[in-house]
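# Structural characterization, general
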Amino acid sequence: MIRVDEIVVPEIEPLAPDEAMFKQIGQRPPVDVQEEMDAAYHALFSSRHGKRVLTHLVQMTMGTPSFDHTLPMDRAVPYGFGREGQNALVRMIIRFMRRHEATMEGKTQTRN
């Protein structure tokens, strides 16, 4: 278990594929954890609310400068590194979603 401020985050266990859901949409369950996590990120951030949240995250991070020239240099550098970390998380979400889409496209082409 991990504590972040007052929020307790449980240890993450690999998800068990919901085979019935995959049969219903005509796909096979994911083979590995990365594929499964890509699918989970895609499902979450492809929903109406997920798209809204992802757009907000992009605007709040990648849509704003990483470096604040108004800060003294001893504070601006750590601030910039922290902001780039935020940007990296948003880019990671987008990369997971794109990888899932590419994986699904490849599987569709191989079945045809």
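Residues numbered from 1 in each chain as written. Predicted model: local features only at pLDDT ≥ 70, side-chain atom pairs only at ≥ 80, totals over all residues. Heavy atoms only, no water.

## A short note on the overall build of the chain
To keep it simple, the criterion reads: Where helices and strands are cited, they refer to DSSP runs of H or I of at least four residues and of E of at least two residues respectively, numbered from the N terminus. Residue exposure (1.4 Å probe, protein chains only): buried if accessible area is under 20% of the type maximum, exposed if over 50%, otherwise partly exposed. We call two residues in contact whenever any of their non-hydrogen atoms come within 4.5 Å of each other. The method behind every accessible area is Shrake-Rupley, applied with a 1.4 Å probe, and residues are considered shielded solely by the protein chains displayed.
Along the backbone of the chain there are four helices and two strands. Mapped in sequence order, the helices and strands of the chain form the string β-β-α-α-α-α. Residues counted as buried form 21% of the 112 residues belonging to the chain. Within the chain, residue pairs in contact and separated by at least 24 positions form 49% of the contacts whose partners lie at least 6 positions apart. Summing over all exposed atoms, the chain offers an accessible surface of approximately 8,700 Å²; the carbon and sulfur share of this is 61%.

## Things to note about the packing of aromatic side chains
The following threshold applies: Only Phe, Tyr and Trp rings take part, Trp by its six-membered ring, and two of them pair if their centres are within 6.5 Å. Stacked means planes under 30 degrees apart, edge-to-face means over 60, and tilted covers everything else.
Inspection of every chain in the model, using the stated rule, returns two aromatic pairs. Pairing Tyr41 with Phe45 gives two aromatic rings, centres 6.4 Å apart and planes at 15°, and the pair type is stacked. Of the two residues, Tyr41 and Phe45 are both situated in helix α2 (residues 33–46); the distance of four residues between them amounts to about one turn of the helix. Judged by relative accessible area, which is 22%, Tyr41 ranks as partly exposed. With 4.9 Å between their ring centres and 70° between their planes, Tyr41 and Phe96 make a pair best called edge-to-face. Taken together, the residues Tyr41 in helix α2 and Phe96 in helix α4 (residues 73–111) connect sequence positions 55 residues apart. Classification of Phe96 as buried rests on a relative accessible area of 11%.

## A few points about a nonpolar patch on the surface
Basically, it comes down to this: A patch consists of residues exposed above 30% relative accessible area that lack any salt bridge, with like charges linked at up to 9 Å and nonpolar side chains (Val, Leu, Ile, Met, Phe, Trp, Tyr) linked at up to 5 Å. By definition here, a salt bridge exists when the distance from a side-chain nitrogen of Lys or Arg to a carboxyl oxygen of Asp or Glu is within 4 Å.
On the surface, a cluster of nonpolar side chains totalling about 450 Å² of accessible area is made up of Phe67, Met73, Val77 and Phe81. Within the fold, Met73 resides in helix α4.

## Things to note about the pattern of salt bridges
All told, the structure shown has two salt bridges when counted by the stated rule. When the shortest N-O distance is used, the salt bridge between Arg91 and Glu84 registers 3.6 Å.

## Regarding the nonpolar core
This is how the line gets drawn: As used here, the term nonpolar core means buried Ala, Val, Leu, Ile, Met, Phe, Trp, Tyr and Cys residues forming a set that is joined through side-chain atoms within 4.5 Å.
Core analysis: the biggest nonpolar cluster contains six residues, these being Phe45, Leu54, Val90, Ile93, Ile94 and Met97. The element best represented in this core is α4, accounting for four residues. Setting aside its immediate chain neighbours within four residues, Ile93 contacts Tyr41, Phe45, Leu54 and Leu57.

## Observations concerning the environment of Met97
Mapped onto the secondary structure, Met97 falls in helix α4. Overall, Met97 belongs to the buried group, its relative accessible area being 10%. Separated by 58 residues in the primary sequence, Met97 and Ala39 have C-alpha atoms spaced 7.3 Å apart. Residues in contact with Met97, not counting those within four places in the same chain, are Tyr41, His42, Phe45, Ser46 and Leu54.

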